[in-house]
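Spelled out, the chains give:
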Amino acid sequence: KNEVEQSPQNLTAQEGEFITINCSYSVGISALHWLQQHPGGGIVSLFMLSSGKKKHGRLIATINIQEKHSSLHITASHPRDSAVYICAVRSGRGVESSGSRLTFGEGTQLTVNP
Amino acid sequence: EAGVTQFPSHSVIEKGQTVTLRCDPISGHDNLYWYRRVMGKEIKFLLHFVKESKQDESGMPNNRFLAERTGGTYSTLKVQPAELEDSGVYFCASSQGGQGYWEKLFFGSGTQLSVL
């Protein structure tokens, strides 16, 4: 069992729908990343958070440290949001964890149809 | 500012051949990471450089993989001899360092390696 589990693995939505992707992890973490990978493209960091909630445009990321769970929400989804969304956690604490490696979930393939 | 660049973007080789992947991190970034995604699996850590030193190479699958970062700038990852199971996408990422867990990672576009 992977230390980072994402759901769903695949998600198809109609343009305009509200989308939620979930991430659960089983280890102690210092930070959680949400990443986006477009087909044939590199990986882009969307959010990095350790508590609470962050918002950027139509994207919202939340994390509940006690429940070891994070969600990525997309409001008013658009076909250009179609990509693989990846949750990754950084273990360790404090300064020494700056070099800690990331543990990744398998990713969620999102397809938004017009 | 140039991002993390990887070369080549694609490589197709035969089993038993040697391939060298290159990663140029963002200038001034001390931390450099190699990751790999094989088909149908999650991205996994390979190793981590801090400047020219290997900080953590516990993710390297076996001794057919050799990573270097001479001078603390670009890094190479050599696979010799390549096996079928080495096929996948190899990602490089860099970060500035010294900012604790809050530092931001920048990823390259990856190298798609196909071993036939």
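Residues numbered from 1 in each chain as written. Chains lettered and ligands numbered in written order. Predicted model: local features only at pLDDT ≥ 70, side-chain atom pairs only at ≥ 80, totals over all residues. Heavy atoms only, no water.

(A) Local environment of the overall build of chain B. Looking only at helices and strands, one finds zero helices and eleven strands in chain B. Moving toward the C terminus, one meets the helices and strands of chain B in the order β-β-β-β-β-β-β-β-β-β-β. Against the 2.2 N^0.38 benchmark of 13 Å for 116 residues, chain B shows a C-alpha radius of gyration of 14 Å, consistent with a compact globule. Principal axes of the C-alpha set define a box for chain B whose edges measure 40 × 25 × 25 Å. (Helix = DSSP H or I, 4+ residues; strand = E, 2+ residues; numbered from the N terminus. Rg over C-alpha atoms; globule rule 2.2 N^0.38 Å.)

(B) Spatial organisation of the pairing of strand E3 (residues 19–25) of chain A. All names here are of chain A. Of the two faces of E3, only the one carrying Ile19, Ile21, Cys23 and Tyr25 is buried; Thr20, Asn22 and Ser24 on the other face are not. Where strand E1 (residues 4–7) and E3 come together, four bridges link them in antiparallel fashion. Bridge pairing in E3 places glutamate 5 opposite serine 24. Pairing of E3 with strand E8 (residues 69–74), which is carried by six bridges, proceeds in the antiparallel orientation. Considered in E8, the bridge of cysteine 23 is made with serine 70. (Buried < 20%, exposed > 50% of the residue type's maximum accessible area, 1.4 Å probe, protein only. Pairing = 2+ DSSP bridges.)

(C) Examining the environment of Asn113(A) more closely. Its location among the elements puts Asn113(A) in strand E11 (residues 108–113). Residues Asn113(A) and Ala13(A) lie 100 residues apart in sequence; the distance between their C-alpha atoms is 6.2 Å.

(D) Looking closely at the nonpolar core. Core analysis: the biggest nonpolar cluster contains 22 residues, and Leu32(A) and Trp34(A) have the highest contact counts within it. For this core, the secondary structure elements donating two or more residues are E3, strand E4 (29–37), strand E5 (43–49), strand E7 (59–64), E8, strand E9 (83–91) and E11 of chain A. When sequence neighbours within four positions are dropped, the list of residues in contact with Leu32(A) reads Cys23(A), Tyr25(A), Phe47(A), Met48(A), Leu49(A), Ile63(A), Ser70(A), Cys87(A), Ala88(A) and Val89(A). With 21 residues, the next largest nonpolar core counts Val19(B), Phe65(B), Leu77(B) and Leu113(B) among its residues. (Core = buried A, V, L, I, M, F, W, Y, C linked by side-chain atoms within 4.5 Å. Contact = heavy atoms within 4.5 Å.)

(E) Just the sheet that holds strand E7 (residues 65–68) of chain B, in detail. Residues and elements named next belong to chain B. Taken together, the four strands give an open sheet; going across it, the order is E1-E3-E8-E7, and neighbouring strands pair in antiparallel fashion. Each end of this open sheet is capped by a strand with a single partner; those strands are strand E1 (5–7) and E7. The sheet shows a mean angle of 15 degrees between the axes of neighbouring strands, direction not considered. (Axes fitted to C-alpha atoms, helices over the stretch in contact; angles between N-to-C directions.)

(F) Representation of the packing of aromatic side chains. Per the stated rule, a full pass over the model turns up five aromatic pairs over all chains. Residues Phe104(A) and Tyr35(B) carry aromatic rings whose centres are separated by 5.0 Å and whose planes lie at 80 degrees to one another, so their mutual orientation is edge-to-face. Of this pair, Phe104(A) sits in strand E10 (residues 102–104) while Tyr35(B) sits in strand E4 (residues 31–37), which puts the two residues in different chains. The buried category is assigned to Tyr35(B), whose relative accessible area is 0%. Ring geometry for Tyr35(B) versus Phe45(B): centroids 6.0 Å apart, planes at 70 degrees, classification edge-to-face. Highlighted residues: Tyr35(B) in strand E4 and Phe45(B) in strand E5 (residues 44–50), separated in sequence by ten residues. (Phe/Tyr/Trp six-rings, centres within 6.5 Å; stacked < 30°, edge-to-face > 60°.)

(G) Representation of the side chain of Asn31(B) in the model. Counting through the fold element by element, Asn31(B) comes out in strand E4. Side-chain polar atoms of Asn31(B) contact the side chain of His48(B), separated by 2.8 Å. (Polar contact = N/O pair within 3.5 Å; in protein donor to acceptor, adjacent residues only side chain to side chain.)

(H) Structural view of the state of the cysteines. Residues and elements named next belong to chain A. With the rule as written, the count across this model stands at two disulfides over all chains. Here cysteine 23 connects covalently by a disulfide to cysteine 87, the sulfurs 2.0 Å from one another. Here the S-S torsion is close to -60 degrees, and the disulfide linking cysteine 23 with cysteine 87 is therefore left-handed. One end of the pair, cysteine 23, is in strand E3; the other, cysteine 87, is in strand E9, with 64 residues separating them in the sequence. In this structure, cysteine 23 and cysteine 87 share a single accessibility class: buried. (Disulfide = S-S within 2.5 Å.)

(I) Structural view of the sheet that holds E8(A). Residues and elements named next belong to chain A. A sheet is described by the order of its strands in space; here five strands give the open sequence E1-E3-E8-E7-E6, paired in antiparallel fashion. Each edge of the open sheet is held by one strand with a lone partner, namely E1 and strand E6 (52–56). Taken pair by pair, the neighbouring strands of this sheet meet at an average axis angle of 15 degrees, ignoring direction. Of the pairings in the sheet, the one linking E7 to E8 comprises six bridges and is antiparallel in character. If you follow alanine 61 over to E8, its bridge partner there is leucine 72.

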